[in-house]
Amino acid sequence: MRYAKSEALHEEALQHIVGGVNSPSRSYKAVGGGAPVAMAYGKGAYFYDIDGNRYIDYLAAYGPIVTGHGHPHIAKAIAHAAETGVLFGTATEHEVTFAKMLKEAIPTLDKVRFNNSGTEAVMTTVRIARAYTGRTKMIKFAGCYHGHFDQVLVAAGSGPATLGSPDSAGVPESVATEVITVPFNDPEAFKHAMERWGEQIAGILIEPIVGNFGIVEPKPGFLELVHEMAKEYGALTIHDEIITAFRFHYGAAHTMLGLTPDLVALGKVIGGGLPIGAYGGKKEIMETVAPLGPAYQAGTMAGNPASMQAGIACLEVLKQPGIYEEMDRLGAILEKGILEAAKKHDITITVNRLKGALTIYFTDEKVVNYEQAEKADGEIFGRFFKLMLSQGINLAPSKYEAWFLTTEHTEDDIIETLAAVDYAFSQL
Ligand code: PLP
């Protein structure tokens, strides 16, 4: 494949955009460097780059594009918004329709509020938890990503239940010390943290199914313990469902898992590809938010008619019968084929898959926490990524990201992908 135009564009981008990318995860730094391929357009499960190469896309824009690129039903809704006004700064029928749809799909949401990104959604749930409980400390789990605001750019200290230290320049030490990071799927570490800090904890922030160090499911009983201890100590449970909601079924992961979080943050899929975030939860907790309560959150673009109409259209597509079953079926074929190819070429991997999302880790142990994901070989992944790219398969350029199937992938796409995997493994 030729990437001459992508390479030239990246050189130009470097002159004008910091690092040449608008989000660090888009750079190829973690996969051995090089110019990121610039896409010209997407259609269904495919991407076409500016050099004219075609790719089967498993990035799905880091999750949101669950109905593929340019889905006609969503495109029509966006075109309607473009013609009738994309931003009003007033109440609209669309936001009420969409709020009702979300509540119907996710029964734990008594009330919702829309904003513009996952970061904003999680940031506000943290503020609400603090406002509601009158406490300041938070617990989060190592390797879970919740956006780029100060309180979540905090890593664990030296032990499993120590106060955090800043994970990014610019995050004050004083903010980091309000956050305790605990290993995911480690009940003892969690218990220890709660016994030590429980009375000061405002909220426990968790991805119920992890999507940010690959796809990692909670061990049986782990989330139940988190919920029980939160209740015991008067802390709120906040589920970050920005990746998980509407990814695995028509609704949130916590419904699938039989849990009732106090607050839920949403984003990605619910915008049908347009910028969106949303949060919601129990009525009495949500009523802490302005204009009803003292916790402030606002947004010029929040609930804009374009994102609302795209989101409604996206959920209408996802509500069709058989959608998630088909992604699961194709995901299973993909997983099986990857494992067979690894065996054939004697490549050591672990695959974590839940329905239409999976991660390949170049490691020999089962991955249930971040420490294990970190140990997966990034150098081999980088070579694998480039080998797949050169065969027209677009993956996320990081060993920590998932492959996401969409409603538009077909069995033929999976067969083509598996042929590419077979060749890539033969070359590693
Ligand atoms: N929470 C989770 C679980 C995410 O995966 C992400 C983004 O990847 C965010 C929050 C932040 O969302 P956004 O990038 O829309 O701000």
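Residues numbered from 1 in each chain as written. Predicted model: local features only at pLDDT ≥ 70, side-chain atom pairs only at ≥ 80, totals over all residues.

The protein goes by Glutamate-1-semialdehyde 2,1-aminomutase in an unreviewed UniProt entry, where it is assigned to Lysinibacillus louembei. Under the UniProt heading Sequence similarities (unreviewed entry), the entry covering the protein gives this text: "Belongs to the class-III pyridoxal-phosphate-dependent aminotransferase family. HemL subfamily." Listed in UniProt under the heading Cofactor (unreviewed entry), the comment for the protein reads: "pyridoxal 5'-phosphate". (UniProt positions renumbered as here; feature names shortened; annotations may be inferred.)

Undergrad: Looking at this structure, I do not really get the site of the ligand. What am I missing?
TA: Contacts to the ligand come from 15 residues, most closely from S117, G118, T119, G147 and I242. Split by residue class, the shell around the ligand holds five nonpolar, eight polar and two charged. (Near = placed C-beta within 6 Å. Nonpolar A, V, L, I, M, F, W, Y, C, P; charged D, E, K, R; others polar.)

Undergrad: Explain the UniProt feature "modified residue: N6-(pyridoxal phosphate)lysine" (unreviewed entry) in the protein to me, please; I cannot follow it from the model alone.
TA: Within this structure's numbering, the places UniProt gives as "modified residue: N6-(pyridoxal phosphate)lysine" (unreviewed entry) are K268. Here K268 lies in the loop between β11 (263-267) and β12 (277-281). Note on K268: 26 C-beta atoms within 10 Å, which makes it buried. Apart from the residues lying within four places of it in its own chain, the contact partners of K268 are G63, P64, G118, I242 and I243. (Helix = DSSP H or I, 4+ residues; strand = E, 2+ residues; numbered from the N terminus. Buried ≥ 20, exposed ≤ 12 C-beta atoms within 10 Å, placed from the backbone. Contact = placed C-beta atoms within 7 Å.)

Undergrad: What exactly am I supposed to notice about the sheet that holds strand β2 (residues 46-49) here?
TA: A sheet is described by the order of its strands in space; here four strands give the open sequence β1-β2-β3-β15, paired in mixed fashion. The open sheet has two edge strands with one neighbour each: β1 (39-43) and β15 (393-394). With three bridges joining them, β2 and strand β3 (residues 54-57) adopt antiparallel strand pairing. Pairing of Y48 across the sheet is with R54, part of β3. (Pairing = 2+ DSSP bridges.)

Undergrad: Sorry, what's going on with the sheet that holds strand β14 (residues 357-361) here?
TA: Within a beta sheet, neighbouring strands are joined by backbone hydrogen bonds and run either parallel or antiparallel to one another. Pairing within the open sheet is antiparallel, and its three strands lie in the order β13-β14-β16. Each end of this open sheet is capped by a strand with a single partner; those strands are β13 (350-354) and β16 (403-404). One ladder, built from two bridges, connects β14 with β16; its direction is antiparallel. Residue pairing for β16: L358 is matched across the bridge by W403. Each of β13 and β14 touches helix α11 (residues 323-345); the most contacted strand, β13, lies at about 175° to it. (Axes fitted to C-alpha atoms, helices over the stretch in contact; angles between N-to-C directions.)

Undergrad: What is the right way to look at unusual backbone geometry in this model?
TA: Negative phi is the rule for most residues except glycine; trans is the rule for most peptide bonds. With an omega of 10°, the peptide bond running from A290 to P291 counts as cis. Here P291 shows up in the loop between α9 (283-286) and α10 (305-318). The phi dihedral of A60 is positive, around 50°, even though this residue is not glycine. Relative to the helices and strands, A60 resides in the loop between β3 and α2 (72-84). A residue is classified by how many C-beta atoms lie within 10 Å of it, and A60, with 29 of them, is buried.

Undergrad: Mind showing me how you'd approach the nonpolar core here?
TA: Note on soluble globular proteins: their nonpolar side chains tend to be buried together. Counting 125 residues, the largest nonpolar core has I204, L236, L266 and A278 as the members making the most contacts within it. Non-local contacts of L266, meaning those with residues more than four positions away in its chain, are made with A121, E241, I242, A245, G277, A278 and Y279. (Core = buried A, V, L, I, M, F, W, Y, C linked by C-beta atoms within 7 Å.)

Undergrad: What is the right way to read the domain arrangement of the protein from this model?
TA: Much of the literature gives interface size as the accessible area that the parts lose upon coming together. Domain boundaries assigned for the protein yield domain 1 (4-70 + 322-427) and domain 2 (72-318). A straight line from the C-alpha centre of domain 1 to that of domain 2 covers 26 Å. Tallying the contact residues gives 25 residues for domain 1 and 29 residues for domain 2. Listing elements by their share of the side of domain 1 that touches domain 2, those giving two or more residues are α11, β13, β14 and α12 (370-375). By residue class, the composition of the side of domain 1 that touches domain 2 is 15 nonpolar, seven polar and three charged. (Domains from an automatic or database assignment.)

Undergrad: I would appreciate a short explanation of the environment of A91 in the present structure.
TA: By secondary structure assignment, the location of A91 is in the loop between α2 and α3 (93-105). Assessed through the 9 C-beta atoms surrounding it within 10 Å, A91 is described here as exposed. Between the C-alpha atom of A91 and that of N304, which follows or precedes it by 213 residues, the distance is 9.3 Å.

Undergrad: Teacher, can you tell me more about the confidence of the model for the protein here?
TA: One rule of thumb: low pLDDT means the predicted coordinates there are not for detailed reading. Per-residue pLDDT for the protein averages 96, and the proportion of residues at 70 or more is 98%. Two numbers describe this predicted complex: its pTM, 0.97, and its ipTM, 0.99. (pLDDT = per-residue confidence, 0-100.)

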